[in-house]
Amino acid sequence: MPDTDRPYIVFSDVDETLITVKSMFDFLRYQLVRRKGEAGEREYDRIMAGIARLAADGVPRAEINRFYYQHYAGESVAAIERLAADWFAERSSAPGDFYIGPTRRALHAHRAAGATLVLVSGSFPPVLAPLALEVGADTVLCTRPTAERGRYTGDVVTPVIGEGKRAAVAAALAARPEVDPADCWGYGDHVSDLPMLELVGRPVVVGGDNELRARLRRSASRAAR
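The following paragraphs examine the structure supplied in this document. (Residues numbered from 1 in each chain as written. Predicted model: local features only at pLDDT ≥ 70, side-chain atom pairs only at ≥ 80, totals over all residues. Heavy atoms only, no water.)

## A word on the packing of aromatic side chains
The test is simple: Two aromatic rings, drawn from Phe, Tyr or Trp (for Trp, its six-membered ring), form a pair once their centres lie within 6.5 Å of each other, and the interplanar angle then sorts them: stacked below 30 degrees, edge-to-face above 60, tilted otherwise. Under the scheme used here, helices are H or I runs from DSSP no shorter than 4 residues and strands are E runs no shorter than 2 residues, and both carry numbers assigned from the N terminus. Accessible area is worked out with a 1.4 Å probe on protein chains only. A residue is then buried under 20% of its type maximum, exposed over 50%, and partly exposed in between. For a lysine, the NZ atom is tested; for an arginine, the CZ atom; a charge sits over a ring if that atom is within 6 Å of the ring centre and within 35 degrees of the ring normal.
Scanning all chains against the criterion turns up 14 aromatic pairs. Both rings, one in Phe25 and one in Tyr68, keep their centres 5.7 Å apart while their planes meet at 80 degrees; by these two values the pair is edge-to-face. Of this pair, Phe25 sits in helix α1 (residues 23-36) while Tyr68 sits in helix α3 (residues 61-70), placing them 43 residues apart in sequence. Each of the two residues, Phe25 as well as Tyr68, counts as buried. Their ring planes at 40 degrees and their centres at 6.3 Å tell us that Tyr69 and Tyr72 sit as a pair that is tilted. Residues Tyr69 and Tyr72 agree in their burial class; the two are buried. Site record: aromatic cluster; members linked through ring pairs are Phe25, Phe27, Tyr68, Tyr69, Tyr72, Trp87, Phe88, Phe98, Tyr99, Phe124 and Tyr152. Across from the ring centre of Tyr99, 3.9 Å away, lies the NZ or CZ of Arg104, which sits over that ring.

## Some words on unusual backbone geometry
If you check the backbone angles, Glu16 has positive phi at about 65 degrees while not being a glycine. Residue placement: Glu16 occurs in the loop between β1 (9-12) and α1. Since its relative accessible area comes to 33%, Glu16 is described here as partly exposed. One non-glycine residue, Arg149, adopts positive backbone phi at about 55 degrees. Counting through the fold element by element, Arg149 comes out in the loop between β4 (145-148) and β5 (151-156).

## A short note on the packing of α1 against α3
What counts here: Angles here are taken between N-to-C directions and fall from 0 to 180 degrees, while the axes themselves are lines fitted to C-alpha atoms, restricted in helices to the stretch in contact. Here the angle decides the label: under 35 degrees means roughly parallel, over 145 means roughly antiparallel, 65 to 115 means roughly perpendicular, and every other value means oblique. Note on convention: near helix rotated counterclockwise from far helix by under a right angle means a left-handed crossing. Clockwise means right-handed. Contact definition: two residues touch when any of their heavy atoms are within 4.5 Å. In this count, Pro and Cys sit with the nonpolar residues alongside Ala, Val, Leu, Ile, Met, Phe, Trp and Tyr, while Asp, Glu, Lys and Arg are called charged and the others, Gly among them, polar.
Running from N to C, α1 and α3 point in directions that differ by 20 degrees, and their axes come no closer than 12 Å. Classified by the angle between their axes, α1 and α3 sit roughly parallel to one another. As α1 packs across α3, the resulting crossing turns out to be left-handed. Residues Met24, Phe25 and Leu28 of α1 touch α3, and the partners they reach there are Asn65, Tyr68 and Tyr69. Tallied by class, residues from the contact of α1 with α3 come to 5 nonpolar, 1 polar and no charged.

## Comments concerning the environment of Gly208
Within the fold, Gly208 resides in the loop between β7 (202-205) and α9 (210-224). Distance from Gly208 to Met196, taken between C-alpha atoms, is 18 Å for residues 12 residues apart in sequence.

## Notes on the layout of surface pockets
This is how it is decided: The pocket and cavity definitions rest on a 1 Å grid over protein atoms only: a 1.4 Å probe that fits but cannot leave marks a cavity, an open set with protein on both sides within 12 Å along at least five of seven lines marks a pocket, and residues lining either have an atom within 4 Å of a point. Grid points are joined across faces, edges and corners, and a volume is the space filled by probe spheres set on the points.
Of the pockets and cavities examined, the largest pocket occupies roughly 430 Å³. Only α1, α2 (38-56) and α3 provide two or more residues apiece to the lining of the largest pocket. Ranked by the residues each element gives to the lining of the largest pocket, the list is headed by α3, at 4 residues. Its residues assigned to classes, the lining of the largest pocket shows 8 nonpolar, 6 polar and 8 charged.

## Things to note about the pairing of β4
Consecutive side chains of a regular strand alternate in pointing toward one face of the sheet and then the other. In plain terms, the rule: Strand pairing requires that DSSP identify at least two bridges connecting the strands.
In terms of strand pairing, β4 meets β5 through 3 bridges, oriented antiparallel. Note that in β5 the partner of Glu148 across the bridge is Arg151.

## Description of the side chain of Asp209
Rules: Positive residues here are Lys and Arg, negative ones are Asp and Glu, while His and the chain termini are left out of the count. One side-chain nitrogen of Lys or Arg within 4 Å of one carboxyl oxygen of Asp or Glu is enough to make a salt bridge. Counting of polar contacts relies on pairs of N or O atoms within 3.5 Å, with two restrictions inside protein: one atom must be capable of donating a hydrogen and the other of accepting it, and residues adjacent in sequence are counted only when both atoms are side-chain atoms.
Summarising the element assignment, Asp209 is placed in the loop between β7 and α9. Here Asp209 is buried and forms no salt bridge, its nearest opposite-charge partner Arg213 lying at an N-O distance of 6.8 Å. Of the polar contacts made by the side chain of Asp209, one reaches the backbone nitrogen of Glu211; its length is 3.1 Å. Of note is the side chain of Asp209, whose polar atom sits 2.9 Å from the backbone nitrogen of Leu212. With residues up to four places along the chain from it excluded, the contact list for Asp209 reads Asp189, His190 and Val191.

Put into structure tokens, the structure is as follows:
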């Protein structure tokens, strides 16, 4: 896997890069239906319809990320953490493909080679923590909902989406001056991962996003001039 003995960092997106589902939405449906049954299913459909309208209107993904977390206002952090643990246990053990095999194997290989693993996602800690544990990630850079007195407020600190991913990864690299970004790897599946992937010397596109591939080529060409 690595061709250098120097320390390096691997940054990996999560949804549709490491796992086959969009974790935020899959967990949202899971916890609503688990707690409210058919009423939870209807609530999920209403929330997703609202998200679809925002996307159709061209609302930036970072703002849609904020809109998503508004629906956790007043929820108990501890209760959501328990539900997230149940979600992960069920999804990861159910028949079918929860993980994207090549990415999972690549991250384990990087870990075995001594790399620092960092998951980067617009999802939030309760959902990402068990995934980080499974792949041996050292750090999770993600959207972090704010909480007061053990309950979510519905607000977030900074959405880790698009340019938010670039800022988070840039800060992580700055904190490790002994690491050359050219030696670092990045895994992503969507053009929104481009800002993150442009910061590392070894970007890997997971899946079939040809626009992401084309923009990475153009970015590499500009950097080589």
